[in-house]
Amino acid sequence: MSKEYEVMIGLEVHVELNTKTKIFCGCSTEFGGAPNTHVCPVCSGMPGSLPVLNKGVVNKAIAVGLATNCDITRNSKFDRKNYFYPDNPQNYQISQLYYPICRNGHVEIEVDRAEGVEPQEMHSLWKDEVTDGKVAEITDSERTEKGKKIPTYKKAVRIHEIHMEEDAGKLVHDGFTDETWVDFNRSGVPLIEIVSEPDMRSADEVIAYLGKLREIVQYLGASDCKLNEGSMRADVNLSIREKGSTEYGTRTESKNLNSFRSIKRCIESEIERQIDLIESGEKIVQETRRWDDDKGYSYPMRSKEDAQDYRYFPDPDLVPLVISEEWIDNIRNSRPELRDEKKVRYREEFGLPDYDIDQITSEKALADLFEGAVAEGADPKKVSNWLMVETMRLMKETGTDADKLKFSAENLAKLVKLVDSKEINNAVAKEVFEKAIFTDDLDPVKYVADNNLSTKADSGELEAVVKKAIEANPKAVQDVLDGKGKAIGAIVGFVMKEMKGKCDPAQANQMIAAELDKLK
């Protein structure tokens, strides 16, 4: 590569809001229903049907706008975006072009600083447009991971607008019969589209920005943001230009991105593709491209449309939306604690290390579980350890999301207390935990009692087993007497096996040491 290039990336992020009913009708938004069972005349586009706006959608859109530092549009309205496609029953989509609900926001992201690579500053063309003229500036920072300081940088990504709209249906293609079926269950599900400015310069910045948006929306309770279920989708707008140039490059839009991994791969591939075209003297075509994650390749879908191609006009069936100051204040005052605020509180209130806090707060469901268990009287650090080690291990092994865990905060607190009181040892606790985490309302105390798992064995029984272990392991006994302290492990292991794990290892160790002292 003979020249230096600057990458400009902006995102259009679609988030399905988790209201119980659709944006303009009373049909269920539940994911996974039988095809075409969550439909009515409104969301299936029947002639003469009239939409009625769901106030809950507006509330959630305003909440996201406030949390992303947006200005709320006091007088908003809806427009019709006209296009013809099989999954669009009305032949238009109700959206917001001229007066979106939120505008001019920003979120701050933190990105690991790659060794030897400096993040590119915003071009001066954009700095004057940024809030206070400072939001786009890059600042040095660091994060702590397992006691190690990792250099990072912070920057803000501007949000151009957030608008409300309805989702389209879903096309399902049968490769065997070569037929395509239409499911309108998703048609009319409420969306917000979060449109950023082209402020990102790398795939890592894009992933950090998406992670930040996902975190904010999840903590607000506005959506589960599951990319694999389509409740969060991102289209990547990317262009390349020579470094120092003030002209925008020709951009492409990449679609079909359903994981952070595929988004990162797609961006890196598109950067390479555009640079190769420029270097070979070819022109970049403004188009929409579809990413094939299996092949690691994108291919053109259609030329990129402009707004006039959709023939937008105000929706005649929906009245203008007037947002009062009281309405906004009510939403602002009822906003839940966001992750950044929670992290500060955990550090001050519980004294947890930064790494623990990052792990616990990475998912709102985990943070809720932590706080609930601590409120039940469990030790914060011990609850944190259970979440960071066993919970995350089991989630990874089983592919389970945090919000699908069955273990209640009350039962997690009971388990921690059972270990603290030496009612059960760690091995038994892990066994109980693996059973309880995926079982509704499994009470650890009852489960331990029903399955005779208590480690509080009769002292006479344990003493007899200890003496048996000493007699059965003469070599280990002699090694311990000769000063080889680690050899006691063989004797402890024998005891634990004989007791079938229902014994406190520390108690067994103490009793063995006492018996061996008699032999000296």
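Residues numbered from 1 in each chain as written. Predicted model: local features only at pLDDT ≥ 70, side-chain atom pairs only at ≥ 80, totals over all residues. Heavy atoms only, no water.

**Student:** Help me understand the pattern of salt bridges, please; the structure alone is not making it clear to me.
**Tutor:** Opposite charge on two side chains allows them to pair when their charged atoms are near. Considering all chains together, one arrives at 49 salt bridges under this definition. In this structure, the salt-bridge partner of Glu-268 is Lys-264, at a minimum N-O distance of 3.4 Å. Remark: Lys-264 and Glu-268 occur in helix α4 (residues 260-279); sequence separation between them is 4 residues, near one turn of the helix. According to the relative accessible area criterion, Lys-264 is partly exposed, its value standing at 29%. Where Arg-347 meets Asp-354, a salt bridge forms, and the shortest distance between an N and an O atom there is 2.7 Å. Classification of Arg-347 as partly exposed rests on a relative accessible area of 38%. What makes Asp-354 partly exposed here is its relative accessible area of 31%. A single salt-bridge network, built from bridges that share partners, covers Glu-337, Lys-342, Arg-345, Glu-349 and Glu-371. (Salt bridge = Lys/Arg side-chain N within 4 Å of Asp/Glu carboxyl O. Helix = DSSP H or I, 4+ residues; strand = E, 2+ residues; numbered from the N terminus. Buried < 20%, exposed > 50% of the residue type's maximum accessible area, 1.4 Å probe, protein only.)

**Student:** Explain the state of the cysteines here, please?
**Tutor:** Cysteine pairs can be linked by a disulfide, which is a covalent bond between their two sulfur atoms. Under the counting rule described, the total for this entry stands at 0 disulfides. Unpaired in this structure, Cys-40 has its nearest cysteine sulfur neighbour in Cys-27, at a distance of 3.5 Å. Its sulfur unpaired, Cys-43 is 3.8 Å from the next cysteine sulfur, which belongs to Cys-27. According to the relative accessible area criterion, Cys-43 is buried, its value standing at 4%. (Disulfide = S-S within 2.5 Å.)

**Student:** Honestly, empty space enclosed by the protein in this entry has me stumped. Any pointers?
**Tutor:** The method is simple in principle: a probe with the dimensions of a water molecule rolls over the atoms, and the space it marks as empty is what remains. The full count for this structure, using the stated rule, is 2 cavities of 30 Å³ or more. Of the voids in this model, the largest cavity is the one considered here, and its volume is about 80 Å³. Lining the largest cavity are 14 residues, and of these Asn-88, Gln-90, Glu-166, Asp-167 and Ser-187 sit closest to its centre. Class assignment for the residues of the lining of the largest cavity results in 6 nonpolar, 5 polar and 3 charged. Approximately 50 Å³ is the volume found for the second largest cavity. Forming the walls of the second largest cavity are Lys-22, Ile-23, Phe-24, Cys-25, Val-42, Cys-43, Gln-90, Ile-94, Glu-166 and Gly-188. Residue classes in the lining of the second largest cavity are distributed as 6 nonpolar, 2 polar and 2 charged. (1 Å grid on protein atoms, 1.4 Å probe; cavity = no way out; pocket = protein on both sides within 12 Å on 5 of 7 lines; lining within 4 Å. Points joined across faces, edges and corners; volume = space filled by probe spheres on them. Nonpolar A, V, L, I, M, F, W, Y, C, P; charged D, E, K, R; others polar.)

**Student:** Which parts of the structure should I look at to understand the pairing of strand β12 (residues 232-242)?
**Tutor:** Strand residues, when the strand is regular, have side chains that alternate between the two faces of the sheet. Burial of β12 is extensive: 9 of the 11 residues sit out of reach of the surface. When strand β1 (residues 5-16) meets β12, the two strands line up antiparallel, connected through 11 bridges. In the sheet register, Gly-10 faces β12, and the bridge partner there is Asn-237. Across 3 bridges, the pairing between β12 and strand β13 (residues 252-255) is antiparallel. Counted as the bridge partner of Val-236 is Ser-254 from β13. (Pairing = 2+ DSSP bridges.)

**Student:** Quick question: what am I supposed to make of the layout of surface pockets here?
**Tutor:** There is about 2000 Å³ of room inside the second largest pocket. The wall of the second largest pocket is formed by 50 residues, among which Gly-211, Glu-215, Arg-339, Asp-358 and Ser-362 lie closest to the centre. Listed by contribution, the elements that provide at least two residues to the lining of the second largest pocket are β6 (102-112), β7 (139-145), α3 (203-220), α6 (339-350), α7 (354-360), α8 (364-375) and α9 (380-398). Looking at which element gives the most residues to the lining of the second largest pocket, the answer is α3, with 8 residues. Tallied by class, residues from the lining of the second largest pocket come to 16 nonpolar, 11 polar and 23 charged.

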